[in-house]
Amino acid sequence: MKVVALAGGTGAAKFLRGLCRVTDPADVTVIGNTGDDLEMWGLAVSPDLDTVMYTLAGLVDESKGWGLAGDTFACRDAMGQWGQATFFGLGDKDIATHLVRTERIRAGASLTQVTDELRRALGVKSAILPMSDEAVRTHVRTPDGWLAFQEFFVRDRCAPAIVDISYDGADRARPAPGVLEAIAEAKVVILCPSNPISSVGPILAVPGIRQALAGTAARVVAVSPIVGQAPVSGPAGKMMAAKGFEVSALGVLAVYEGLLDQLVVDSQDAPLVARLETKGVQVLVTASIMTDAEKEKALARAVLEGSS
Ligand code: GDP
């Protein structure tokens, strides 16, 4: 059964790890967010693609949910001594990934090609496609002006008030090779439990991807990253509110309006089912907080089966 998953970083990666344990990973194609990408010390860094890749390879730093387990930070510390920005914590082994990516892109490879080379080299059986080979960069507008996504997210720890969010370059971007084909051929398309604004939003902003989702024969199902009135982690609530959406599973459905056959909500949100169903979507209620491997697998199984 061909499965496509639209994915951000940490929330998506946990879900995808469960998914790849309950279905053949070779049948899974991940379409990853590159709106968070940045250039750091001259290196091309793709945090969400790498979080998914490291997690599926079994190499992720479990305590942080990103980066490589056991990594050291000697290079970052040395860069600090040179007066360089060190807010984005690239570990020493992680830097090797970015060196390879940067070198391959400089030699003419696309982000799609180098991402495929990297994931194969790490033994990841699922295809990982960037949403686009063209640069799309998420920016956050604060009362003091626009910030690059990682300045807001990592450097400023999501503290500034949000006035607006933009996906710069999205209007000129094209879906990466294989993205539209994968959506067209899928049996199920899953919008992972990811930030709807900063992780799935940039993917949907690439012209053609929303249309492909609306047109596919696949069952399109989203897992709500909002449980009750708050995200499980991160700034999704603050971002949804800034964009005028209610911070709830109802708000998640509104962000994805017109795209979903099914929405998966946590058991805590059972009282919302009747209101959600009036919006024309099937609702699946299940335990959706992934605190261990068994819960990751159980959620993935429920999403695949499409019923509780
Ligand atoms: P990011 O790039 O690290 O922000 O990655 P994602 O967008 O994939 O993940 C962050 C989102 O995942 C947040 O909105 C969280 O609320 C959501 N999330 C994290 N863990 C869980 C979980 O266990 N269950 C659910 N339902 N959502 C989760």
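In case you missed it, the structure is sitting above this.
Since the structure is predicted, the reported quantities are computational estimates derived from the model, not experimental observations.

Chemist: Any chance you could explain the state of the cysteines here in plain terms?
Modeler: Structurally, a disulfide amounts to a covalent bond that connects the sulfur atoms of two cysteines. Throughout the structure, instances matching the rule amount to zero disulfides. Of all cysteine sulfurs in the structure, the one in Cys 20 sits closest to Cys 192, which takes part in no disulfide; the separation is 9.9 Å.

Chemist: Mind showing me how you'd approach the packing of aromatic side chains here?
Modeler: Aromatic rings considered in pairs are described by the distance between their centres and by the relative angle of their planes. According to the stated counting rule, one finds two aromatic pairs in the structure shown. Judged by centre distance (6.5 Å) and plane angle (80°), the ring pair of Phe 87 and Phe 88 falls under edge-to-face. When its relative accessible area of 11% is taken as the criterion, Phe 88 is described as buried. With 5.0 Å between their ring centres and 25° between their planes, Phe 149 and Phe 153 make a pair best called stacked. Note that Phe 149 and Phe 153 are positioned in helix H6 (residues 149-155) at a spacing of four residues, about one turn of the helix. Of note, Lys 64 hangs over the ring of Trp 66, and the distance from its end group to the ring centre comes to 4.5 Å.

Chemist: Any chance you could explain the pairing of strand S1 (residues 3-7) here in plain terms?
Modeler: Each regular strand carries side chains that alternate between the two faces of the sheet. Buried residues dominate S1, accounting for five of its five residues. Side-chain alternation along S1 places Val 3, Ala 5 and Ala 7 on one buried face and Val 4 and Leu 6 on a second face that is also buried. Looking at chain direction, S1 and strand S2 (residues 28-32) are connected through five bridges and run parallel. Note on S2: the bridge partner recorded for Val 4 is Thr 29. At this point the chain moves from S1, through helix H1 (residues 10-22), to the parallel S2, and the crossover so formed is right-handed. Inspection of the sheet shows S1 paired to strand S9 (residues 188-191) by four bridges, in the parallel sense. Bridged to Val 3 within S9 is Val 188.

Chemist: Any chance you could explain the site of the ligand here in plain terms?
Modeler: Lining the immediate environment of the ligand, one finds 21 residues, of which Thr 10, Ser 194, Asn 195, Ser 199 and Ser 288 sit closest. For the ligand, an oxygen atom lies 2.7 Å from a polar atom in the backbone of Asn 195. Residue Val 232 places a main-chain N or O atom 2.8 Å away from an oxygen atom belonging to the ligand. Among the residues making up the shell around the ligand, the classes are represented as eight nonpolar, 10 polar and three charged.

Rules used throughout
Residues numbered from 1 in each chain as written. Predicted model: local features only at pLDDT ≥ 70, side-chain atom pairs only at ≥ 80, totals over all residues. Heavy atoms only, no water. Disulfide = S-S within 2.5 Å. Phe/Tyr/Trp six-rings, centres within 6.5 Å; stacked < 30°, edge-to-face > 60°. Buried < 20%, exposed > 50% of the residue type's maximum accessible area, 1.4 Å probe, protein only. Helix = DSSP H or I, 4+ residues; strand = E, 2+ residues; numbered from the N terminus. Lys NZ or Arg CZ within 6 Å of the ring centre and 35° of its normal. Pairing = 2+ DSSP bridges. Right-handed = clockwise from strand over helix to strand, strands pointing away. Near = heavy atom within 4 Å. Polar contact = N/O pair within 3.5 Å; in protein donor to acceptor, adjacent residues only side chain to side chain. Nonpolar A, V, L, I, M, F, W, Y, C, P; charged D, E, K, R; others polar.

Take it as geometry only, folks, not as evidence of what the structure does.
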